[in-house]
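# Geometric and topological summary
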Amino acid sequence: MATEIEKAAERVAKLRAQADKLSGPLADAQAQLEAAQEVEAARRAERAADYDRQFVKNWMERADEAAHSGDDAHARFVEALSAEPWFAAYVEYRAARYRRMHVLTAAQSAQTALGDVVTVPEARLYDAQILDEIRRAIEQQASALGAQYADELRQAREDHISRKG
């Protein structure tokens, strides 16, 4: 039994020696990897800083270019919409809402400047409300057209019956 223990102990000693022999190159390789990663991180950080410096230098040009990049499309869009009478009415309605908003904002500012309690309501534009109003207007128009169609159909039936009889 002692010989089995001795054999196992020898085997463990050999494997430890092999592990020690390989752990040196493994540690070196690991150190090289970490160094390469640090160099790459520094390179990326410098590239990011260069990009940021360039961006700071020409952000105004980029912003101006971006702001005007859709001007032609916007002009075509407004031209197409302005040909519609409903759109002109909508723009007039929105302008009135904006004027109201400015009056309310000015009144709130005046009350605040005087140290008064602000009693003027919040100025809000409810786009959902405006869309709902558009939907209601369309439904009213559809209802009116439906009633007109029903009247025309009734009249056509009466005319048809009177011609038969």
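What this report covers is the structure whose coordinates are included nearby. (Residues numbered from 1 in each chain as written. Predicted model: local features only at pLDDT ≥ 70, side-chain atom pairs only at ≥ 80, totals over all residues. Heavy atoms only, no water.)

## As for the side chain of Q108
The condition that has to hold: Comment: elements are numbered from the N terminus, with helices defined as DSSP H or I runs of at least four residues and strands as E runs of at least two. It only takes one pair of heavy atoms within 4.5 Å for two residues to be counted as in contact.
With respect to the helices and strands, the residue Q108 is situated in helix α3 (residues 85–113). Excluding anything up to four places from it in sequence, Q108 contacts V118, V120, P121, E122 and A123.

## Focus: the layout of surface pockets
Rules: The way it works is a 1 Å grid over only the protein atoms, where trapped points that fit a 1.4 Å probe form a cavity and open points with protein on both sides within 12 Å along at least five of seven lines form a pocket, and then any residue with an atom within 4 Å of a point lines it. Grid points are joined across faces, edges and corners, and a volume is the space filled by probe spheres set on the points. Any residue that is not Ala, Val, Leu, Ile, Met, Phe, Trp, Tyr, Cys, Pro, Asp, Glu, Lys or Arg is counted as polar, Gly included; the first ten are nonpolar and the last four charged.
In this structure, the largest pocket encloses a volume near 230 Å³. Forming the boundary of the largest pocket are W86, A89, Y90, Y93, I130, E133, I134, A137 and I138. Looking at the lining of the largest pocket, the elements that each hand over two or more residues are α3 and α4 (127–164). It is α4 that contributes the most residues to the lining of the largest pocket, five residues altogether. Per-class residue counts for the lining of the largest pocket are eight nonpolar, no polar and one charged.

## Observations regarding the pattern of salt bridges
Note that side chains of opposite charge can pair when their charged atoms are close. For clarity, the threshold we go by: Salt bridge, as used here: a side-chain nitrogen of Lys or Arg that lies within 4 Å of a carboxyl oxygen of Asp or Glu. Accessibility here uses a 1.4 Å probe with only protein chains present; expressed as a share of the type maximum, an area under 20% marks a residue as buried, one over 50% as exposed, and anything in between as partly exposed.
Across all of its chains, the model carries nine salt bridges by this definition. The salt bridge involving E46 is made with R53; its shortest N-O contact spans 2.9 Å. Residue classification places E46 among the partly exposed residues on the basis of a relative accessible area of 42%. R53 serves as the salt-bridge partner of D50, at 2.4 Å between the closest nitrogen and oxygen. Note that D50 and R53 are positioned in helix α1 (residues 2–68) at a spacing of three residues, about one turn of the helix. Since its relative accessible area comes to 43%, R53 is described here as partly exposed.

## Considerations on a nonpolar patch on the surface
For clarity, the cut-off: Each patch is built from residues lacking any salt bridge and having more than 30% relative accessible area; the joining distance is 9 Å for like charges and 5 Å for nonpolar side chains (Val, Leu, Ile, Met, Phe, Trp, Tyr). Reported accessibility uses the Shrake-Rupley method at a 1.4 Å probe radius. Residues are deemed covered only where the shown protein chains occlude them.
On the surface, Y51, F55, V56, W59 and M60 cluster together into a nonpolar patch covering about 560 Å² of accessible area. Mapped onto the elements, Y51 comes out in helix α1. Accessibility expressed as a relative area gives 46% for Y51, which makes it partly exposed.

The quantities given are spatial measurements derived from coordinates; they are silent on function.
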